[in-house]
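Here's the letter readout for the chains.
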Amino acid sequence: MRIREYTEGDVNSLRRIHQRQGFDYAFPDLNDPIFISKLVVEDDAGGIVMASLTRLTCEIYLLADPQAGGPRDRFERLLALHRAGERDLLARGLDDAHAWLPPPIAKRFGRRLEALGWIRDDAWTPYCRRLRAG
């Protein structure tokens, strides 16, 4: 077994592996610069049998003073910040953003996010690997 950096010559092997897995998502664009780590595993014969393809995504934290203004004021601020944040993330080359809502606000605030075009993605089960203590 050998682990090494991906090269463009590996793409057809990875496409075959992706197809064999049968998962319902498009093969990623590995030329996109938001793929920051691309590692492949070769078997003893030099054939590619696995890969780890790491793409940047972002997690959004919203800090909003619940005592500053009324509900309408807070919603207007949220709308303005939402638009500005989306432009900022797109300008930085990101393709998506994620928000994890605390259970006490998930239902009500989730509806607000959905009205702004966010989707609740329960199709895949998320897991997190903490790389640093914090």
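Please refer to the structure higher up on the page.
Residues numbered from 1 in each chain as written. Predicted model: local features only at pLDDT ≥ 70, side-chain atom pairs only at ≥ 80, totals over all residues. Heavy atoms only, no water.

K.L.:
An account of the overall build of the protein is needed here, citing residue identities and associated values.
P.N.:
Helix and strand counts for the protein stand at three helices and three strands. Its helices and strands in sequence order give the protein the pattern β-α-β-β-α-α, from N to C terminus. C-alpha extents for the protein along the principal axes are approximately 65 × 30 × 30 Å. Going through the 134 residues of the protein one by one, you find that 16% of them count as buried. (Helix = DSSP H or I, 4+ residues; strand = E, 2+ residues; numbered from the N terminus. Buried < 20%, exposed > 50% of the residue type's maximum accessible area, 1.4 Å probe, protein only.)

K.L.:
Summarise the sheet that holds strand β1 (residues 2–5); cite the residues concerned and give the values.
P.N.:
Spatially, β1-β2-β3 is the arrangement adopted by the three strands of the open sheet, whose pairing is antiparallel. The open sheet has two free edges, formed respectively by β1 and β3 (48–55), since each of these has just one partner strand. Sheet twist, expressed as the average angle between the axes of neighbouring strands with direction ignored, equals 20°. Here seven bridges tie strand β2 (residues 35–42) to β3, and the two strands are oriented antiparallel to one another. Bridged to Phe35 within β3 is Arg55. Relative to the sheet, helix α1 (residues 11–21) contacts β2 and β3, its axis offset from that of β3 by approximately 90°. (Pairing = 2+ DSSP bridges. Axes fitted to C-alpha atoms, helices over the stretch in contact; angles between N-to-C directions. Contact = heavy atoms within 4.5 Å.)

K.L.:
Quick one: what's the story with the packing of aromatic side chains, residue by residue and with numbers?
P.N.:
What characterises a pair of aromatic rings is the spacing of the ring centres plus the angle enclosed by the ring planes. Scanning the model with the defined rule gives two aromatic pairs in all. Relative to Trp124, the ring of Phe23 has its centre 6.1 Å away and its plane inclined at 70°; by these criteria the two rings are edge-to-face. Placement of Phe23 in the loop between α1 and β2 and of Trp124 in the segment after α3 (103–115) is noted, with a sequence separation of 101 residues between them. Aromatic side chains Tyr25 and Trp124 sit 5.9 Å apart centroid to centroid with 70° between the ring planes, which places their arrangement in the edge-to-face category. Taken together, the positions of Tyr25 in the loop between α1 and β2 and Trp124 in the segment after α3 put the pair 99 residues apart, joining distant regions of the chain. (Phe/Tyr/Trp six-rings, centres within 6.5 Å; stacked < 30°, edge-to-face > 60°.)

K.L.:
Any details on a positive patch on the surface? Residues and values, ideally.
P.N.:
Taken together, the side chains of Lys107, Arg108, Arg111 and Arg112 make up a positively charged region of the molecular surface. Note that Arg108 resides in helix α3. Among the residues examined, Arg108 registers a relative accessible area of 68% and is labelled exposed. (Patch = residues over 30% accessible without salt bridge, like charges linked within 9 Å, V, L, I, M, F, W, Y side chains within 5 Å. Areas by Shrake-Rupley, 256 points an atom, 1.4 Å probe, with all protein chains shown as cover. Salt bridge = Lys/Arg side-chain N within 4 Å of Asp/Glu carboxyl O. Lys, Arg positive; Asp, Glu negative; His and termini not counted. Charge placed at Lys NZ, Arg CZ, Asp CG, Glu CD.)

K.L.:
Now, about the pattern of salt bridges: what can you tell me, with residues and values included?
P.N.:
Two side chains of opposite charge can pair, provided their charged atoms sit close to one another. Inspection of the entire model under this criterion finds six salt bridges. With a shortest N-O distance of 2.6 Å, Asp96 and Arg55 are connected by a salt bridge. Of this pair, Asp96 sits in the loop between α2 (71–91) and α3 while Arg55 sits in strand β3; the two residues are 41 residues apart in sequence, bridging distant segments of the chain. Because the salt bridges share partners, they merge into one network encompassing Arg2, Arg4, Asp10 and Glu42.

K.L.:
Run through the pairing of β2, naming residues and quoting values.
P.N.:
Here four bridges tie β1 to β2, and the two strands are oriented antiparallel to one another. If you follow Glu5 over to β2, its bridge partner there is Leu39. Hairpin connection, β2 to β3: the antiparallel pair is bridged by five residues, and Gly46 has positive phi, about 90°.

K.L.:
I'd like to hear about α2, residue by residue, with values.
P.N.:
Taking 1.5 Å per residue, 21 residues should reach 30 Å; α2 reaches 30 Å between its end C-alpha atoms and fits that length. In the stretch just after α2, Gly93 is the one whose phi turns positive, near 90°. (Expected span 1.5 Å × (residues − 1).)

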